[in-house]
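Inside the fold
For reference, the chains in residue letters:
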Amino acid sequence: MRHNFDEIINRRESECKKYEKEVYSKDIIPMWIADTDFAVPNEISEAIIKRAKHPCFGYPVEGKIFEEATKRWEKVRFNWDIETEWVKYANGVLPFLMYAIRAFSYPGDEVIIQPPVYPPFSAIVKNNGRQLVTNPLYQDENGKYQINFEDLEKKLSSPRAKILFLSNPHNPAMRCFTLEELTKIGNLCLKYNVIVISDEIHCDLVYKGYKHIPFGSINEKFANNSMVLINPSKTFNIAGFRTGAAIIPNKEMRENIQITIVNNKNYGRTIFGVLTYVTAYTKCDYYADELMEYLQENRDYLLNFIKNNIPKIKVTEPEATYLIWLDFKALNMEQEELKKFILEKAKLALNDGSTFGIEGKGFMRLNIACPKAVLIEALNRLKMAIDSL
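On a predicted model such as this, the values are computed, not experimentally measured, just so you know. (Residues numbered from 1 in each chain as written. Predicted model: local features only at pLDDT ≥ 70, side-chain atom pairs only at ≥ 80, totals over all residues. Heavy atoms only, no water.)

Right, let's get into the packing of aromatic side chains. Enumeration over the complete set of coordinates arrives at 19 aromatic pairs. Ring centres of F5 and F38 lie 5.0 Å apart, and the angle between their planes is 85°; on these two criteria the pair is classed as edge-to-face. Of the two residues, F5 sits in the segment before strand 1 (29–30) while F38 sits in the loop between strand 1 and helix 1 (42–52), which places them 33 residues apart along the sequence. Classification of F5 as buried rests on a relative accessible area of 1%. Seen in terms of ring centroids, Y277 and Y281 are 4.8 Å apart; in terms of plane orientation they differ by 70°. Their pairing is edge-to-face. Of this pair, Y277 and Y281 are both found in helix 10 (residues 271–283), four residues apart, which corresponds to roughly one turn of the helix. The same class applies to Y277 as to Y281, namely buried. Directly above the aromatic system of Y286 lies the positively charged group of R2, at a separation of 3.5 Å from the ring centroid. (Phe/Tyr/Trp six-rings, centres within 6.5 Å; stacked < 30°, edge-to-face > 60°. Helix = DSSP H or I, 4+ residues; strand = E, 2+ residues; numbered from the N terminus. Buried < 20%, exposed > 50% of the residue type's maximum accessible area, 1.4 Å probe, protein only. Lys NZ or Arg CZ within 6 Å of the ring centre and 35° of its normal.)

Written out as C-alpha cells, the structure reads:
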C-alpha cells in the first residue's frame, strides 16, 4: 500500500474529541465517534502546508472547483452523471438536514426516520418544531436489518408527512441498501409526495460483495424528489474542516434551499475546507481504495474473533461503514450497567446504542477504523471482561 494504515498516531495532543483528555484517561481505548485514527493522504497534508505558507487568509472566491470535484467523484466512483449546478456547498451534512426541514415543511409537519439511526436525525427534527415519526428497522432471522415497508407506507400516507431522512449506507445498521429496496422507497415517496433526504456520508465505505447506489442516480423522478448529501470526512479523516455538499437536481428545490441558507446567514466557503475536499475528491482515489482493503481485514478479523472467542456478543455481517453494531443483550444488563461495564471493565469507549433510539437498547457501536494492533487489543480486552462475568 502507498499509505501506512498500521501507523499508530498519538491523537491525545491534537485537540481530538475522540481522545478528549478530560473524559478518557490513557488506559481507555476510544472507539466511538465516527472518525478514523489514520493519517490523511499525503496529498492533503501537502496542499494544506503549501496554502498555509501564504500569509493572507481572506474571503475565498467561489469558483467551480468545488462543484467539479463533486461531479468527478460521483462519476468515477458511482457512475452517476451530475451537473455542477446541482451541487451546493455547506459546512457539513447536518446543516442540510436543517435546511431541508425549513425549506420543505412547516412546523407540525412530520419527518420520518428509520431507527436505530444516527442520533442527530431525531434531534434536528424536534429542535425545528416538526413531528418525529419512526419507521423502525427490524432484524430478520439472521440478524440483518430490514425495512418494514408496510409500516413505511402507512407513515408516508399521513397528510402531514413531508420528508424522509434516509441513511444510506445505514448508520448503525451497517446496511448498504439494494436497488430493489431503494426503488421501493422512492416509489412510495413519490406516491405520497414525500421528499427523500439521503445522507450518503458513508458512501465510500462499502465492503466486497456490496455496491453503493446514490439515491438520485436511480432515475430522473427520484432525482427530482431528493437531495443527496455527501462529505469526504469519514473516508479521509477530515471532519474537522466541516465541509460537505448537497446534490440537488431539482431547480425549484435548489432555489428553496438557497433561500434557507441565506436566511440562516450560512453562506460563504472556507479556504481549507474547500482545499481538503477538492484534494480528496481529485487526487486521493488510491487512499479510498486502500482504506477499504484495510477495513475489510479489520472487519473480517472482528467477525472471526467474536464468533470464536465471544459468542455471547452477536454481530451480523457489516455491508458498509466502519461502525460495527454489537448486540450485548445476552449479557442481560440494563443499558447503564452495560455502558459502565464496557468503560470500566473492558476499558473501551464505545457509543451507547440507546442514543440511536429505543431500538438500540442492548447494543453498543464500535469503530474499527484504527490500526489492526489497536483493534486486536480492544477485542482481547472485551473478551477478558466478558470472561470475568
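Turning next to the pattern of salt bridges. This structure, assessed with the given rule, holds 26 salt bridges. Where R381 meets E377, a salt bridge forms, and the shortest distance between an N and an O atom there is 2.9 Å. One end of the pair, R381, and the other, E377, are both in helix 13 (residues 372–387), four residues apart, so they sit about a helical turn from each other. Under the relative-accessibility criterion, E377 is labelled partly exposed at 36%. Ionic contacts of the salt-bridge type, sharing partners, join the residues R11, K18, D35 and D37 into one network. (Salt bridge = Lys/Arg side-chain N within 4 Å of Asp/Glu carboxyl O.)

Strand order across the open sheet formed by three strands is 11-14-13, with antiparallel pairing between neighbours. Bordering the open sheet on either side are strand 11 (323–327) and strand 13 (351–352), each of which pairs with just one other strand. In this sheet, strand 14 (residues 363–367) lies alongside strand 11 in antiparallel orientation, the contact comprising five bridges. Directly across from L326, in strand 14, lies its bridge partner M364. With respect to the sheet, helix 12 (residues 335–344) is in contact with strand 13 and strand 14, its orientation differing from that of strand 14 by roughly 30°. (Pairing = 2+ DSSP bridges. Contact = heavy atoms within 4.5 Å. Axes fitted to C-alpha atoms, helices over the stretch in contact; angles between N-to-C directions.)

Attention now moves to the side chain of Q335. Tracing the chain through its elements places Q335 in helix 12. With residues near it in sequence (within four places) discarded, Q335 still touches D352, G353, S354, G360, K361, G362, F363 and M364.

These results come straight from atomic positions and should not be treated as a statement about function.
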